[in-house]
Amino acid sequence: MANKPYSDSFFSKIIPDLNKVIDAVIYVYMGFVFVISMNLDPEIKKYSNVFALVIMALIGIYVLTNRFEGIINRFNIMFGLYTAYCLLTILWSADRSITIERSTTVLKIFIVCALIYYYITKENKTAMLLNAIYIGGLSLLVFTIVYYGPKGYIEGMLSGKRMGYDFADANDLGMALMYTSIIGLYYTFYEKKWWNIFVSAAAAFAVIGTGSRVAILMFVAGVFLLFLFFQTGKKRLLCIPGFFVVVGIGYAVLHLPMFAGMLHRIDNMLAHLLGKAGYDSSTNTRIIMIKAGFEQFLKTPIFGLGIGTSNVIMMKAMNIETYLHNNYIELLACSGIVGFSLFYSMHAYIIAKTIKPAFRRNNDAIIVITLLIMSLVQEMTNVDYYEKIPLILLMFSLCSVQQHKFEFSR
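No experiment lies behind these values; they were computed from the predicted model shown.

If you look at the biggest cluster of nonpolar residues, it comprises 109 residues, and the most contacted ones within it are Ile26, Tyr29, Ile116 and Leu129. When residues of this core are assigned to their parent elements, the largest contribution, 12 residues, is made by helix α5 (residues 96-123). With residues near it in sequence (within four places) discarded, Leu129 still touches Ile26, Met30, Ile116, Ile120, Met395, Phe396 and Cys399. Core analysis: the second largest hydrophobic core is formed by nine residues, Met289, Ile313, Met314 and Leu324 among them.

A few words on the layout of surface pockets. One simple way to see leftover space: roll a probe sized like a water molecule over the atoms. In this structure, the largest pocket encloses a volume near 1100 Å³. The element best represented in the lining of the largest pocket is α5, accounting for eight residues. Class assignment of the residues belonging to the lining of the largest pocket gives a composition of 19 nonpolar, six polar and 10 charged.

All right, on to empty space enclosed by the protein then. The final tally for this structure, using the stated rule, is one cavity of 30 Å³ or more. Empty space within the largest cavity amounts to approximately 50 Å³. If you go around the largest cavity, the residues you meet are Phe343, His347, Leu371, Leu372, Ser375, Glu379, Asp384, Pro390, Leu391, Leu393 and Leu394. When contributions to the lining of the largest cavity are tallied by element, the ones reaching two or more residues are α15 (327-359), α16 (363-378) and α17 (388-404). Of the residues that constitute the lining of the largest cavity, the class distribution is seven nonpolar, two polar and two charged.

The final tally for this structure, using the stated rule, is four salt bridges. Measuring nitrogen to oxygen at the nearest pair gives 2.7 Å for the salt bridge that ties Asp23 to Lys125. One end of the pair, Asp23, is in helix α2 (residues 18-36); the other, Lys125, is in the loop between α5 and α6 (126-148), with 102 residues separating them in the sequence. Lys125 carries the same exposure label as Asp23, and that label is buried. The closest approach of N and O atoms between Asp166 and Lys161, which form a salt bridge, is 3.1 Å. Lys161 sits in the partly exposed class, given a relative accessible area of 37%.

Definitions and limits used
- Residues numbered from 1 in each chain as written.
- Predicted model: local features only at pLDDT ≥ 70, side-chain atom pairs only at ≥ 80, totals over all residues.
- Heavy atoms only, no water.
- Core = buried A, V, L, I, M, F, W, Y, C linked by side-chain atoms within 4.5 Å.
- Buried < 20%, exposed > 50% of the residue type's maximum accessible area, 1.4 Å probe, protein only.
- Helix = DSSP H or I, 4+ residues; strand = E, 2+ residues; numbered from the N terminus.
- Contact = heavy atoms within 4.5 Å.
- 1 Å grid on protein atoms, 1.4 Å probe; cavity = no way out; pocket = protein on both sides within 12 Å on 5 of 7 lines; lining within 4 Å.
- Points joined across faces, edges and corners; volume = space filled by probe spheres on them.
- Nonpolar A, V, L, I, M, F, W, Y, C, P; charged D, E, K, R; others polar.
- Salt bridge = Lys/Arg side-chain N within 4 Å of Asp/Glu carboxyl O.

Have a look at this one:
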């Protein structure tokens, strides 16, 4: 039975231009995700959740007008299984209250992302979704600049203060802005939208002020991949030296007085990686967390201790309630091999589908694999399995794979 055209449906009388309204709401929602959800104040964060209900209602109407056609899709199956497993771990959780909180958070994000995925893939609007994510990051950049003022931000950097902690987590702020910076570079060099270089540079500058080392690692990974895929064949070899030149210039810029705090943190990180120095307190703490998490994984390797129960692990190891600061170890310890595999099977699928077209200079595949690998770098020092921005980027990646029908590499 053919679908009844939207223009002839009951809903068309209430919302004449549903698609235009949904498009606008998606843009606004991404702004809320980057700016409002980033805020440490739980009362402010609620506004993002309220706006999510608007998206759910509008796209819910869209789904009804399409008679649920295509509602069973790869995203719903893969992310749905992961979500269901998170909820299932409540049954054996070592701390049911935290597992209920974490798993219901994943469920809420899944519902919103599933609806956005349905709309984006049905309308072939993956490019619009990427742009909405970019505008969301740009909104965060503008908010940060307005919050501190250009002079205040620079003065804070000069004083050695890690910027962002006044309203958000500095690392989360740095990572969100770094995605914005890399998307800006992609638009500049791949889409020839040259004005985006200024957005990219401004976002990178703001990232340095946060003092986030993982954001710098994400930048290195993102720039390397954009350089790697920029040319094809033998010409690609010429891009590699260009990457090292850019990294060298960036490292030289960090020697300016205003970047002293970030330079110190990066020098410490490099020294540890090269085995030339002892661990600082932050690095030592993270090593203890990783060891404690891995030891728990060995005790409960298949199903884990229950989603979110890293607080139980850390109370035993260090007498503090916190997460493990490593998404890989967190999932292994708390959800076991089953949960780890369900989550990262999505990443493996996306990489398998995009790696070959990326090397063939397919722009859509390039931005997908670049952002995905940046998120994998991020997860070495951050727990993201229930965070909105990384999961939205994962949803975007699956949207792109669905829309562009990338072939598996062989």
